Structure formats: structure tokens, C-alpha cells
Amino acid sequence: MRVLLALLLAAAAPALADPVTLRASPQDTDGRVTLGDIFDGAGQAAGVLVAERVGPSVVLPAHRIQAVARAAGLDWTNPQGLRRIVVRRAPEAAVPDAGGAPAAAAGALVATPTPVRAIPGAAVIQRGDSVQVVYELDGVRLTITGRAQRNAAVGQPLPVLNLQSGRVIEAVAAAPGRALAGPAALQARANAAVLASR
């Protein structure tokens, strides 16, 4: 409901939105695709999470990107009439470690955090940590940054203080620095319960 309200308000006031330009070749470096990776001129909305890239690239529907941009206060009119936007992993030179072997790309360590890799019961988020809370509904994803109000392991409830509104969001810890709200939070709790029972 809040997501739809935010989208309606954004659509009703296009004059207040900041115009942005699609980058010629959108790329990300860490597996987390943000509005700043996709658009030039994203400003304060540059850190808004749009998707997570698992492989070398991710294909995103243009209408979804447009909706997330509007909700974040940006105006992208899609003048080319694109249907899809491809975001690729930014090329990085492999840096050898102390033993001379090439080190993994920085994004490889954080691109696919999953509950399976987490140590059962170990807190992945500490009280006071900065946390990105992801809410997704009907293909639209919104992200806010807040502060964790207590420690939480993967799948555990986590109250997060929204720094802009001052309200506490009931979320579920998903990975270090990341939590889920809405329908995805229920699924994360169920997955954690299944893993804990094994």
C-alpha cells in the first residue's frame, strides 16, 4: 500500500523530480545494482538499490527501473523507448595476493549473500549497524537505509530505525547490512527455520 502511494505521489508531481540520463553502458562493481550505476545525475538517490547481480550481467525491465527512479524522486522519461536495461559487472584488474595468485574480484565476495552460507545463530547485523531494508511488491523494489536497533542472525526479526522518518520498520535480517520487509521477510524467516531444523 505504501509502495503504491509513493509511486502515485511521484507520478503526480513530476516537476519536483530530478531529471536523469541513462548511462551508455550501466555497470556495477559489487553485485548491487543501484540507481547511481544506471543513471548519470542520480544525486542523493544514487545509493538506492534496484537489483542484485549474481552472474556477469543482469537484465532489468525498463518500466521497473522507471518506477523505482520515480519513487526515489528521479525523472527518467525513457526517450529511446527501451524495454530492457542490461547492467554488467564492471571490468576489474585481478590483483595478486601475497602468494602471487590472483585475488577474487571485490564483488565476488558480496554479490550473492545467502542464508546457506551464514553460520546458524550467528549475528550478521549488530545493533547500531547501517542497514539497507528492501521492500519488494509486484516487481517494484524500494530500499531505505536505517539503523539496526538490535543484533540479529539471518532470518531473525530486526527492528530498523528509518533515519528519514524516525519510524521503526519491522524487518528480517538477510545478510550483513541487509534486511527484508514485506512478503520477502516472511519467506526469509521460513527459510531460516528450515535451515535451523536440519
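Please read these numbers as outputs of a predicted model, since none were measured by experiment.

Q: Break down helix α3 (residues 62-71) for me, citing the residues and quoting the values.
A: Most of α3 sits out of view: 7 of its 10 residues are buried. For α3, the full list of buried residues reads Ala62, Arg64, Ile65, Gln66, Ala67, Val68 and Ala69. Positioned one or two residues after α3, Gly73 has a phi angle of 90°, which is positive.

Q: Residues and numbers for the pairing of strand β11 (residues 130-137), please.
A: Bridge analysis of β11 against strand β12 (residues 140-148) gives 8 bridges, and the strand direction is antiparallel. Across the sheet, Val134 pairs through a bridge with Thr143, a residue of β12. Linkage of β11 to β12, two consecutive antiparallel strands, is achieved through a turn of 2 residues, within which Asp138 is found at a positive phi near 55°.

Q: Quick rundown of the sheet that holds β12? Include the residues and the values.
A: What holds strands together in a sheet is hydrogen bonding between their backbones, with the strands either parallel or antiparallel. Strands sit in the order β11-β12-β14-β15-β16 around a closed barrel of 5 strands; the barrel is mixed. Averaged over all adjacent pairs, the angle separating strand axes in this sheet is 50°, with direction ignored. Sheet contacts for α3: β11 and β12; angle to β12, the most-contacted strand, approximately 40°.

Q: Break down unusual backbone geometry for me, with residues and values.
A: With a phi angle near 55°, Asn78 is a residue other than glycine that sits in the positive phi range. With respect to the helices and strands, the residue Asn78 is situated in the loop between β8 (74-75) and β9 (84-89). What makes Asn78 buried here is its relative accessible area of 13%.

Q: Can you break down the sheet that holds strand β3 (residues 27-28) residue by residue, with the values?
A: Judged by pairing direction, the sheet is mixed, and its 3 strands sit side by side in the order β3-β9-β7 without closing on themselves. Edge positions in the sheet fall to β3 and β7 (57-61), since each has one partner strand and no second. Two elements, β3 and β9, share 2 bridges in a ladder whose sense is parallel. Within β9, the position partnered with Asp28 by the bridge is Arg89. Most of the contacts of α3 go to β7, to which it runs at about 75°, and overall it touches β7 and β9.

Q: Residue-level account of the nonpolar core, with values.
A: With 23 residues, the main nonpolar core has Leu35, Ile38, Phe39, Val50 and Leu60 as its most contacted residues. Going through the elements one at a time, α2 (35-38), β6 (49-52), β7, α3 and β9 are the ones with two or more residues in this core. At 5 residues, the largest contribution of residues to this core is made by α3. Here Val50 is in contact with Val33, Thr34, Leu35, Ile38, Leu60, Arg64, Ile65, Val68 and Arg141, once residues within four sequence places are set aside. Listed in part, the 13 residues of the second largest apolar core include Val124, Val131, Ala148 and Val160.

Q: Quick one: what's the story with the pattern of salt bridges, residue by residue and with numbers?
A: For the structure shown, the criterion picks out 4 salt bridges. With a shortest N-O distance of 2.8 Å, Glu52 and Arg178 are connected by a salt bridge. Of this pair, Glu52 sits in strand β6 while Arg178 sits in strand β16 (residues 178-181), placing them 126 residues apart in sequence. Owing to a relative accessible area of 22%, Glu52 belongs among the partly exposed residues under this scheme. Classification of Arg178 by relative accessible area gives buried; the value is 16%.

Q: Explain the confidence of the model for the protein chain to me, using residue names and the numbers behind them.
A: Confidence in the prediction of the protein chain, expressed as mean pLDDT, is 76, and 71% of residues score 70 or more. Mean pLDDT per element in the protein chain: helix α4 (residues 106-110) is the minimum at 37, and α2 is the maximum at 93. Between residues 7-15, whose pLDDT stays under 50, and residues either more than four places distant or in other chains, the model counts 5 contacts.

Criteria and thresholds
- Residues numbered from 1 in each chain as written.
- Predicted model: local features only at pLDDT ≥ 70, side-chain atom pairs only at ≥ 80, totals over all residues.
- Heavy atoms only, no water.
- Buried < 20%, exposed > 50% of the residue type's maximum accessible area, 1.4 Å probe, protein only.
- Helix = DSSP H or I, 4+ residues; strand = E, 2+ residues; numbered from the N terminus.
- Pairing = 2+ DSSP bridges.
- Axes fitted to C-alpha atoms, helices over the stretch in contact; angles between N-to-C directions.
- Contact = heavy atoms within 4.5 Å.
- Core = buried A, V, L, I, M, F, W, Y, C linked by side-chain atoms within 4.5 Å.
- Salt bridge = Lys/Arg side-chain N within 4 Å of Asp/Glu carboxyl O.
- pLDDT = per-residue confidence, 0-100.

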